[in-house]
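Read off the chains here:
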Amino acid sequence: MTAPRFANLLFSGRCNLRCPHCIGRQLPGPDVDNLELYPPKNLDLFCHLLRERGIRELSLTGTNTDPLLYRHLPELIAALRRRVPEVRLSLHSNGLLVLPLVHVVNRCHRLALSLPSFDPDTCLAMTGRRLAIDLELVLQRVQVPVKVSTLVTPHNLAEIPAIVARCRALGVRRMALRRLYGDETPLDLLPGQAPVRFFGNQPVYDCDGMEVTVWRFEQSALECLNLFADGFIGDRYLLAHNRPPQAEAA
Ligand code: SF4
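To start, this report covers the structure provided alongside it. Because the structure is a prediction, the values reported are computed rather than measured. (Residues numbered from 1 in each chain as written. Predicted model: local features only at pLDDT ≥ 70, side-chain atom pairs only at ≥ 80, totals over all residues.)

### Details of the overall build of the protein
Alright, step 1. Along the backbone of the protein there are 7 helices and 11 strands.
Alright, step 2. In terms of overall size, the protein behaves like a compact globule, its C-alpha atoms giving a radius of gyration of 18 Å where 250 residues would be expected to give roughly 18 Å.
Alright, step 3. With respect to the three principal axes, the spread of C-alpha positions in the protein is 45 × 35 × 35 Å.
Alright, step 4. Of all 250 residues assigned to the protein, the portion counted as buried reaches 33%.
Alright, step 5. Pairs at least 24 apart in sequence give 69% of the contacts found in the protein among residues at least 6 apart. (Helix = DSSP H or I, 4+ residues; strand = E, 2+ residues; numbered from the N terminus. Rg over C-alpha atoms; globule rule 2.2 N^0.38 Å. Buried ≥ 20, exposed ≤ 12 C-beta atoms within 10 Å, placed from the backbone. Contact = placed C-beta atoms within 7 Å.)

### Focus on the environment of cysteine 47
Alright, step 1. The topology assignment puts cysteine 47 in helix α1 (residues 43-52).
Alright, step 2. On a C-alpha basis, the gap between cysteine 47 and valine 84 in space is 6.8 Å, while along the polypeptide they are 37 residues apart.
Alright, step 3. Residue contacts for cysteine 47: discarding those within four places in its chain leaves Arg83 and Val84.

### Some points on α1
Alright, step 1. Those residues of α1 not exposed but buried are Phe46, Cys47 and Leu50. The buried side chains of α1 occupy one side of the element, clustering within an arc of 100° when seen end-on. Away from its buried face by more than 90 degrees, α1 exposes Asp44, Leu45 and Glu52.
Alright, step 2. Packed against the buried residues of α1 are β1 (6-11), β2 (57-62), α2 (73-83), β10 (224-227) and β11 (233-234). (Arc of directions from axis to C-beta.)

### Some words on the sheet that holds β2
Alright, step 1. Here we have 11 strands laid out as an open sheet, ordered β7-β8-β9-β6-β5-β4-β3-β2-β1-β10-β11, and mixed in their pairing. Every other strand in the sheet has two partners, leaving β7 (197-199) and β11 as the edge strands with one partner each.
Alright, step 2. When strand β5 (residues 146-152) meets strand β6 (residues 174-179), the two strands line up parallel, connected through 6 bridges. The residue bridging serine 149 from the neighbouring strand is alanine 176, located in β6. (Pairing = 2+ DSSP bridges.)

### Considerations on the site of the ligand
Alright, step 1. Residues in close proximity to the ligand include Cys15, Leu17, Arg18, Cys19, Cys22, Gly24, Gly62, Asn64, Thr65, Asp66, Asn94 and Thr127, which together make up its full environment.
Alright, step 2. For the shell around the ligand, the residue count by class is 4 nonpolar, 6 polar and 2 charged. (Near = placed C-beta within 6 Å. Nonpolar A, V, L, I, M, F, W, Y, C, P; charged D, E, K, R; others polar.)

What follows is the structure, given as structure tokens:
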């Protein structure tokens, strides 16, 4: 195990999408809604641990919700920038509220945008809504670097080369193709390409200047400090592995 280099501040509550593969459906632990709570429980201890462990990357994300649904996000971002100024904030969003709340997004250091597909029917199968996220407009309005993250499922598998090519054409610089947890099926997602390096055991490709990482979470060598919605702090990369069995049963 390596010392954590990254951290997650996790929200929990009602989401504006209904994705069948949402990690929140698989997580043990109490079902807490912290979308209205300020400050998040155990924020003081979490900030102390960020400083003590020299962690420089913090993701604002959700176990089962979108962080842009957190009512106090502007105050939280301001507090984090004041209390742990050396930590870069990455906002992970499904994109629905990115444009309406772009002034909040731009207070972070970068945006990780989940984009299942450019096809609204595929999005319907993967998220429960016929989405049509205007990535071009997002890239125009968001003033911080945008990383696109695409979960690979049987619904969008055939579209992956086209999704990668379109993201590249729109000027995206970094992309992640995330394999379904536990899916061992060999897939050649980037035909004819070889990794140029590995990051945390994950292969990284150069697609005409766009960096594409193919993530298989169960193979990751990274560790991550996690603040859960109920205040529990764990340091395992896989969210489901953070709580000891006795906590899961409580
Ligand atoms: S958008 Fe994210 S948090 Fe919301 S249901 Fe989908 S996977 Fe879960």
